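Here's the letter readout for the chains.
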Amino acid sequence: GIQVEQSPPDLILQEGANSTLRCNFSDSVNNLQWFHQNPWGQLINLFYIPSGTKQNGRLSATTVATERYSLLYISSSQTTDSGVYFCAVDTGNTPLVFGKGTRLSVIA
Amino acid sequence: DTGVSQNPRHKITKRGQNVTFRCDPISEHNRLYWYRQTLGQGPEFLTYFQNEAQLEKSRLLSDRFSAERPKGSFSTLEIQRTEQGDSAMYLCASSRGRNRYNEQFFGPGTRLTVL
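The structure displayed is predicted, hence computed values, not measured ones.

### Notes on the overall build of chain A
For chain A, the helix and strand inventory stands at zero helices and 11 strands. Taken from N to C terminus, the helices and strands of chain A fall in the order β-β-β-β-β-β-β-β-β-β-β. Whereas a compact globule of 108 residues would reach a radius of gyration of roughly 13 Å, chain A reaches 13 Å, a difference of no more than 12%. The principal-axis extent of the C-alpha atoms belonging to chain A is close to 40 × 25 × 20 Å. For chain A, with 108 residues in total, the buried portion stands at 49%. As displayed, chain A offers around 5,000 Å² of accessible surface, 48% of which is attributable to carbon and sulfur atoms.

Right, here's the structure in full:
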């Protein structure tokens with residue numbers, strides 16, 4: 001099956017710093033989603049981005065489908081951005097396959 | 001609120017007992033998914049439904065697990081004769097499942113602890 005690798009596994013930032021999270025996948029995908037999992041376990045949808053670039057406030061994402069990777073940018077990080085960020089893909093109306101996530105800690 | 005809901009949010013049980021979880025998807029979403037997440041890992045697929053039909057089951061879904069979606073709306077996941085290894089967060093998601101657009105939205109999860 002498709003493999004999804006996320007990097008880095010852990011990231012510690014000072015409040016106000018910028019960061020880039022990466023997601024590599026091993027096959028063509030039909031769907032790619034980025035999620036933020038809060039401390040209570042809720043998965044919050046950030047982006048649905050099988051290709052192209054999207055922006056939402058301080059967050060933006062880019063997926064280069066032909067090169068099989070996606071990037072999530074967080075600018076001017078805040079302590080509330082802390083949590084685990086997951087990338088998940090499907091290959092065509094199939095269940096999502098998740099990476100292991102990037103654990104982000106933003107310190108004041 | 002029209003998000004995905006799950007009940008209960010937490011369940012503590014003794015090994016060998018049966019447990020049942022419920023998921024109510026976003027209305028008009030015809031696809032419903034169950035995932036399991038253990039500590040430090042991403043969610044892993046268990047099974048999914050299109051309307052009332054169960055279309056796919058993961059090999060993670062042992063014979064002790066059964067899921068239903070009798071009227072194509074809410075779904076239940078039952079675990080029989082629970083084991084300590086079943087302790088995990090059980091997540092439900094739903095999607096419209098139309099054409100190639102299949103963004104999934106997740107519920108808050110049910111955290112199961114088997115003593």
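Don't stop here, the text continues.
### Side note on the overall build of chain B
The secondary structure content of chain B amounts to zero helices and 11 strands. By the compact-globule yardstick of 13 Å for 115 residues, chain B fits well, its C-alpha radius of gyration being 13 Å. When its C-alpha atoms are laid out on the principal axes, chain B stretches across 40 × 25 × 25 Å. Counting over 115 residues, chain B shows a buried share of 47%. A separation threshold of at least 6 residues defines the contact pool for chain B, and within that pool the share at least 24 residues apart is 54%.

### Here we look at unusual backbone geometry
Between Ser7 of chain A and the following residue, Pro8 of chain A, the backbone shows a cis peptide bond with an omega angle of -10 degrees. Considering the arrangement of structural elements, one finds Pro8 of chain A in the loop between β1 (4–7) and β2 (10–14). Of note, the bond from Asn7 of chain B into Pro8 of chain B is cis; its omega dihedral lies within 30 degrees of zero at -10 degrees. In this structure, Pro8 of chain B sits in the loop between β1 (5–7) and β2 (10–13). Positioned with a positive phi, Ser76 of chain A is a non-glycine residue whose angle comes to about 45 degrees. Topologically, Ser76 of chain A is positioned in the loop between β8 (69–74) and β9 (83–90). One non-glycine residue with positive phi stands out, namely Asn51 of chain B, at about 55 degrees.

### With respect to the state of the cysteines
The full count for this structure, using the stated rule, is two disulfides over all chains. Paired through a disulfide, Cys23 of chain A and Cys87 of chain A show a sulfur-sulfur distance of 2.0 Å. Where Cys23 of chain A bonds to Cys87 of chain A through sulfur, the torsion about that S-S bond is close to -55 degrees, and the disulfide is left-handed. With Cys23 of chain A in strand β3 (residues 19–25) and Cys87 of chain A in strand β9, this pair connects stretches of sequence that are 64 residues apart. With relative accessibility at 0%, the residue Cys87 of chain A sits in the buried group. A sulfur-sulfur distance of 1.8 Å marks the disulfide that ties Cys23 of chain B to Cys92 of chain B. A torsion of -65 degrees about the S-S bond marks the disulfide between Cys23 of chain B and Cys92 of chain B as left-handed. Here Cys23 of chain B is found in strand β3 (residues 19–24), whereas its partner Cys92 of chain B is found in strand β9 (residues 88–95), with 69 residues between them in sequence.

### What to know about the sheet that holds strand β7 (residues 65–68) of chain B
All names here are of chain B. What the four strands build is an open sheet, ordered β1-β3-β8-β7; its pairing is antiparallel. Two strands bound the open sheet, and with one partner strand each, they are β1 and β7. For this sheet, the mean inter-axis angle between neighbouring strands, taken without regard to orientation, is 15 degrees. As paired elements, β1 and β3 share three bridges and run antiparallel to each other. Along β3, the bridge assignment pairs Asn7 with Arg22.

### What about the pairing of strand β5 (residues 44–50) of chain B?
Successive side chains on a regular strand alternate, one facing one side of the sheet and the next facing the other. Residue and element names in this part refer to chain B. For β5, the buried fraction is high: five of the seven residues fall into the buried class. The antiparallel pairing of strand β4 (residues 31–37) with β5 creates a hairpin that spans six residues between the two strands, and Gly40 there sits at a positive phi of about 80 degrees. Alignment of β5 against strand β6 (residues 53–57), held across four bridges, turns out to be antiparallel. Counterpart to Gln50 in the pairing with β6 is Ala53.

### Details of the nonpolar core
Counting 22 residues, the largest nonpolar core has Trp34, Leu72 and Val89 of chain A as the members making the most contacts within it. Sorting the residues of this core by element identifies β2, β3, β4 (31–37), β5 (43–48), β7 (59–64), β8, β9 and β11 (102–107) of chain A as the ones contributing at least two each. Counting residues in each nonpolar core, the second largest holds 19 residues, with Phe21, Cys23, Leu46 and Ala88 of chain B among its members.

Conventions adopted
- Note that residues are indexed from 1 along each chain, following the sequence as it is written.
- Starting at A for chains and at 1 for ligands, labels are handed out in the order in which the entities are written.
- Local features in a predicted model are, by the rule used here, given only for residues with pLDDT of at least 70; side-chain atom pairs are given and counted only at 80 or more, and totals for whole chains, interfaces and linings are based on all residues.
- Remark: hydrogens and water are excluded; side-chain values derive from all non-hydrogen atoms of the structure.
- Helix and strand labels come from DSSP, where a helix needs a run of H or I of at least four residues and a strand needs a run of E of at least two; each type is numbered from the N terminus.
- Radius of gyration here is computed from C-alpha atoms only, and the compact-globule reference equals 2.2 Å multiplied by the residue count raised to the power 0.38.
- Exposure categories follow from relative accessible area, calculated using a 1.4 Å probe and restricted to protein chains: below 20% of the type maximum is buried, above 50% is exposed, and the middle band is partly exposed.
- Exposure was quantified through the Shrake-Rupley algorithm and a 1.4 Å probe, taking into account, for residues, occlusion by the shown protein chains and nothing else.
- Two residues form a contact once any of their heavy atoms are found within 4.5 Å.
- When the sulfur atoms of two cysteines come within 2.5 Å, that pair is taken as a disulfide.
- Should DSSP find at least two bridges between two strands, the strands are taken to pair.
- Interaxial angle, 0 to 180 degrees, is taken between N-to-C directions of lines fitted to C-alpha atoms, where a helix line uses only the stretch in contact.
- Put simply, a nonpolar core is a bunch of buried Ala, Val, Leu, Ile, Met, Phe, Trp, Tyr and Cys residues held in one set by side-chain atoms that sit within 4.5 Å of each other.

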